[in-house]
Amino acid sequence: MWEVCWVAEDLAKNLNFYSISSDGRVTLWTLSKSKLDYTDLMHLKLTGAEGADASAADDDALSGLAGGCCFDFSRLNDHLFLVGTEEGRIHKCSRAYQSQYLETYEGHYMAVYSVRWNNFNPKLFLSCSADWTVKMWEHAHTNPRMNCRHTRPMPATRLTPHSPRDSAGGSTRGSTA
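Note that the coordinates shown come from a computational prediction; the quantities given were computed from them, not determined experimentally.

Examining the nonpolar core
V26, M42, L44, F71, F81 and V83 are the most contacted members of the largest nonpolar core, which totals 13 residues. Of all the secondary structure elements, the ones that give two or more residues to this core are β2 (15-20), β4 (36-43), β5 (68-73) and β6 (80-85). In this structure, F81 is in contact with V26, L41, M42, D72, F73, H91, K92, C93, S94, R95 and W117, ignoring residues within four places of it in sequence.

Spelled out as structure tokens, the structure:
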């Protein structure tokens, strides 16, 4: 399990959280008085490489699940969430359409460590990757709107809650950018 996200209590006042893990599952956990139950929200299917023919895409889909690294739920549309994978892809997903991705963003070529929606502009989100890049995306377009390359890996990035343009990232050596 790489990340968890707490969500509002359900109608029975149970505590709920989502998790994402390397086994390709996005899971909803419900903590009731005496037990912890789970329901798999989505299994992250591998997708074919851009420009691959249909048979190659079918082979990829049969080979297993994509490893999930990070996720974030939209504050504007509570059914939308983003998932970053070990394969370097970001998928826009919906709680309502669990069997398919709404969109796939390809711009990283290594694992996506962090993906976060922008609190000020709900159309934008930020990602960082093991490929040493931080990218700004607009969810309606599959190409990044901004690309920043760093001198070391950036395993974490967050947009500030106080400004629509500022972000911070942490490197593997303990420095920030």
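Digging into the pattern of salt bridges
The full count for this structure, using the stated rule, is 7 salt bridges. Here R25 makes a salt bridge to D40, at a shortest N to O gap of 3.2 Å. Here the residue R25 occupies a position in strand β3 (residues 25-31), and D40 occupies one in strand β4, the gap between them amounting to 15 residues. Classification of R25 as partly exposed rests on a relative accessible area of 23%.

A word on the pairing of strand β7 (residues 89-94)
Within β7, 6 of the 6 residues are buried, which leaves the element mostly enclosed by the surrounding structure. Along β7, one buried face is formed by R89, H91 and C93 and the opposite face, lined by I90, K92 and S94, is buried too. Taken together, the 5 bridges between β6 and β7 define a ladder with antiparallel strand orientation. Note that in β7 the partner of F81 across the bridge is C93. Alignment of β7 against strand β8 (residues 103-106), held across 4 bridges, turns out to be antiparallel. Bridging across to β8, H91 finds its partner in T104.

Regarding the packing of aromatic side chains
Using the criterion set out here, one finds 10 aromatic pairs in the structure. Between the aromatic rings of W29 and Y38, the centroid separation amounts to 5.3 Å while the plane-to-plane angle is 45°, which identifies the pairing as tilted. When the ring of W117 is compared with that of F125, the centres are 5.7 Å apart and the planes differ by 65°; the resulting orientation is edge-to-face. Here W117 and F125 have matching classes, each one buried. Site record: aromatic cluster; members linked through ring pairs are W6, F17, W29 and Y38.

Scoring rules and cut-offs
- Residues numbered from 1 in each chain as written.
- Predicted model: local features only at pLDDT ≥ 70, side-chain atom pairs only at ≥ 80, totals over all residues.
- Heavy atoms only, no water.
- Core = buried A, V, L, I, M, F, W, Y, C linked by side-chain atoms within 4.5 Å.
- Buried < 20%, exposed > 50% of the residue type's maximum accessible area, 1.4 Å probe, protein only.
- Helix = DSSP H or I, 4+ residues; strand = E, 2+ residues; numbered from the N terminus.
- Contact = heavy atoms within 4.5 Å.
- Salt bridge = Lys/Arg side-chain N within 4 Å of Asp/Glu carboxyl O.
- Pairing = 2+ DSSP bridges.
- Phe/Tyr/Trp six-rings, centres within 6.5 Å; stacked < 30°, edge-to-face > 60°.

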